[in-house]
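Each chain, written out:
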Amino acid sequence: MLDVFKESIRILESGRRAALATIISTTGSTPGKDGARMLIRDDGTTVGTVGGGCSESDIWRSAMEVIATGRPRREKHRLTAATVAETGLLCGGEFEVYIEPLGSPWVIILGAGHVARALESVLSTLQWRISVIDDREEFASDQHFSESTEVTCVPFENCLDHMEITANCAIVVVTRGHQHDELAISRSLLTPAGYVGLIGSKGKAGAIMKNLREQGCDPEELYRVRSPVGLPIGSQSPEEIAISISAELIAHHRGLLDPPQPPSGRAKKSASQPTE
């Protein structure tokens, strides 16, 4: 049980995601007892056990769904003939398990201007882990952000080098101009971040992607970039843009956002977003 708790803490500190399954009630003969726990990581590996057998396999599958959606669930499991054959336990046992998600999303905001401040303000209400990075000391200042937000002043050339980024991370690029956006995107695509978003118009994104292709970037990697970033709600002000980006990040976290697709044919004209 101690290993389960230690690994849960490590998951929370690392930015990864997992689910914790706990047996909360039992009736009759069951493979696991009240309080038994199993931690299921986002890569499918586990720590601990809730009794083994077919029921544990079912709980593992449910846990992977909990990780994907971020929504907890309670389930009742009754011992079946298959479980009895595998475990040797008597029929008739029943237990209830509570499966809860572990690990909140980690959002890294590259840029610390007006949109970044508005976005951090919205996201901080969700109690997510937030990091803000800018290469200007007067912008990368704790006085502009919540106490819980990690604020770092570092050049965009090596802005992500010190971070252990996982697929549970989202990177939002809102720097002060095309040159810095391009540099920030190129560094972001070197990470396994599950979400990479870029503020600006389709035209701006197209120009940046063209430059990166000419510099040798893998076109398949460039398709990961979402731009214009955020859900299309007609946002214009920094506060409205922050809401649209936050909504898209929530949809991504809940597994409701379709993965980016390579462009096919001529793109439809879309509203532009300002740069920082």
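Each chain carries its own residue numbering, running from 1 in the written order of its sequence. For this predicted model, a pLDDT threshold of at least 70 governs which residues receive local features, and a threshold of 80 or more governs which side-chain atom pairs are given and counted, while totals over whole chains, interfaces and linings are taken from all residues. Hydrogens and waters are ignored; side-chain quantities use all the structure's heavy atoms.

Section: the nonpolar core
Reasoning step 1: In plain words, nonpolar cores are sets of buried Ala, Val, Leu, Ile, Met, Phe, Trp, Tyr and Cys residues tied together by side-chain atoms within 4.5 Å. For every residue, the accessible area obtained with a 1.4 Å probe (protein chains only) is divided by the maximum for its type, and the residue is called buried under 20%, exposed over 50%, and partly exposed between those limits. With 26 residues, the main nonpolar core has I108, L110, L160 and I185 as its most contacted residues.
Reasoning step 2: Put simply, the parts of the chain that give this core at least two residues each are strand 6 (106-110), strand 9 (169-173), helix 5 (178-188), strand 10 (195-198) and helix 6 (202-214).
Reasoning step 3: Secondary structure elements are defined from DSSP: runs of H or I of at least 4 residues count as helices, runs of E of at least 2 residues count as strands, and each element is numbered from the N terminus. Looking at this core element by element, the count peaks at four residues for helix 6.
Reasoning step 4: Whether two residues touch is decided by their heavy atoms; if any such pair falls within 4.5 Å, the residues are in contact. Apart from residues no more than four positions distant in its own chain, I108 is found in contact with S131, I133, L160, M163, I165, A170, I171 and V172.
Reasoning step 5: Formed by 24 residues, the second largest nonpolar core is a distinct cluster that contains V107, W128, A140 and V174.

Things to note about the pattern of salt bridges
Reasoning step 1: For this analysis, a salt bridge means a side-chain nitrogen from Lys or Arg found within 4 Å of a carboxyl oxygen belonging to Asp or Glu. Applying the stated criterion to the full structure yields 16 salt bridges.
Reasoning step 2: Between R78 and E94 there is a salt bridge, with the nearest N and O atoms lying 2.8 Å from each other. Of the two residues, R78 sits in strand 4 (residues 73-78) while E94 sits in strand 5 (residues 94-102), which places them 16 residues apart along the sequence.
Reasoning step 3: Look at R78 and you get exposed, because its relative accessible area is 53%.
Reasoning step 4: Here the salt bridges do not stand alone but share partners, grouping D134, D135, R136 and R176 into one network.

Quick notes on the pairing of strand 5
Reasoning step 1: Pairing between two strands is assigned when DSSP locates at least 2 bridges connecting them. With nine bridges joining them, strand 1 (residues 18-27) and strand 5 adopt antiparallel strand pairing. Paired with T27 across the two strands is E94, which belongs to strand 5.
Reasoning step 2: Both strand 4 and strand 5 contribute to a ladder of six bridges, which runs antiparallel. Its bridge partner lying in strand 5, H77 is registered against F95.

Overview of the confidence of the model for the protein
Reasoning step 1: Across the protein, the average pLDDT comes to 87, with 89% of residues at or above 70.
Reasoning step 2: Note: pLDDT gives the predictor's confidence per residue, expressed from 0 to 100. Within the model, pLDDT remains below 50 along residues 264-271, and this stretch shows three contacts once partners closer than five positions in the same chain are excluded.

Considering the packing of aromatic side chains
Reasoning step 1: Each aromatic pair joins two rings of Phe, Tyr and Trp (for Trp, the six-membered one) with centres within 6.5 Å, and gets the label stacked for planes under 30 degrees apart, edge-to-face for over 60, and tilted for any other angle. Tallied over the entire structure, the rule returns zero aromatic pairs.
Reasoning step 2: Criterion for a charge above a ring: Lys NZ or Arg CZ within 6 Å of the ring centre, and within 35 degrees of the ring normal. The positively charged end of R129 is found above the aromatic ring belonging to W106, 3.6 Å away from the centroid.
Reasoning step 3: Over the ring of F139 we find R136; its NZ or CZ atom is 3.7 Å from the centre of that ring.

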